[in-house]
Amino acid sequence: MIENKKWESLVWIVIWILLLTFVILGLYNLILYSESTNITFEENSIKWILSDNTQSVLYKLNINGINEWSGFYLHKNNTTKSFDVYTGAINLKYKYIDKFWEFVSTGATDRDIYSREIILEKIDTNTNTKLYKVKIDNYYKQ
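Residues numbered from 1 in each chain as written. Predicted model: local features only at pLDDT ≥ 70, side-chain atom pairs only at ≥ 80, totals over all residues. Heavy atoms only, no water.

Some remarks on the packing of aromatic side chains
Piece 1. Within the structure shown, the criterion is met by 6 aromatic pairs.
Piece 2. Where Y94 meets F103, the ring centres are 5.3 Å apart and the plane angle is 45°; that geometry is what we call tilted.
Piece 3. Accessibility expressed as a relative area gives 15% for Y94, which makes it buried.
Piece 4. Taking NZ or CZ as reference, R116 lies 4.3 Å from the ring centre of W101, over its face. (Phe/Tyr/Trp six-rings, centres within 6.5 Å; stacked < 30°, edge-to-face > 60°. Buried < 20%, exposed > 50% of the residue type's maximum accessible area, 1.4 Å probe, protein only. Lys NZ or Arg CZ within 6 Å of the ring centre and 35° of its normal.)

Quick look at the side chain of K95
Piece 1. By the secondary structure assignment, K95 is in the loop between β2 (82–87) and β3 (96–97).
Piece 2. Residue classification places K95 among the buried residues on the basis of a relative accessible area of 14%.
Piece 3. A distance of 3.5 Å separates polar atoms of two side chains, one belonging to K95 and the other to E117.
Piece 4. Contact partners of K95, with chain neighbours within four places excluded, come to Y73, Y114, S115, R116 and E117. (Helix = DSSP H or I, 4+ residues; strand = E, 2+ residues; numbered from the N terminus. Polar contact = N/O pair within 3.5 Å; in protein donor to acceptor, adjacent residues only side chain to side chain. Contact = heavy atoms within 4.5 Å.)

A look at the environment of S45
Piece 1. Of note, S45 is situated in helix α1 (residues 6–60).
Piece 2. For S45, a relative accessible area of 25% corresponds to the partly exposed category.
Piece 3. Considered as a pair, S45 and L131 are 86 residues apart in the sequence and their alpha carbons are 22 Å apart.

Quick look at the structure:
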């Protein structure tokens, strides 16, 4: 008597398809996680570079007349090749920059926009050393 083994072959094909599906879904999730990690790393590295560059420029500038715990804004003036310092709520627009330190309007733009807040934390009266706090955040349009 000859046994029919077609149903066994069908069962094994279904099992292998299920296993392959789980492997493919696992790889897909790994790729998605890798992409989100890459995007997060890129954003954090841009923020760090902007903050570090701002700190470097601040220590080279002679900023007098700004009190402790005062906030101010830097603007890279491309025509005069210098940095302008602005204070007050009127100059809040200079808070927004792109990754190249360029002034960016928060209106319609396709570039990533970052907000930069600079605060003069402390002035050491003995050495006239100034400590700055630079905070870089993403600007999200509403």
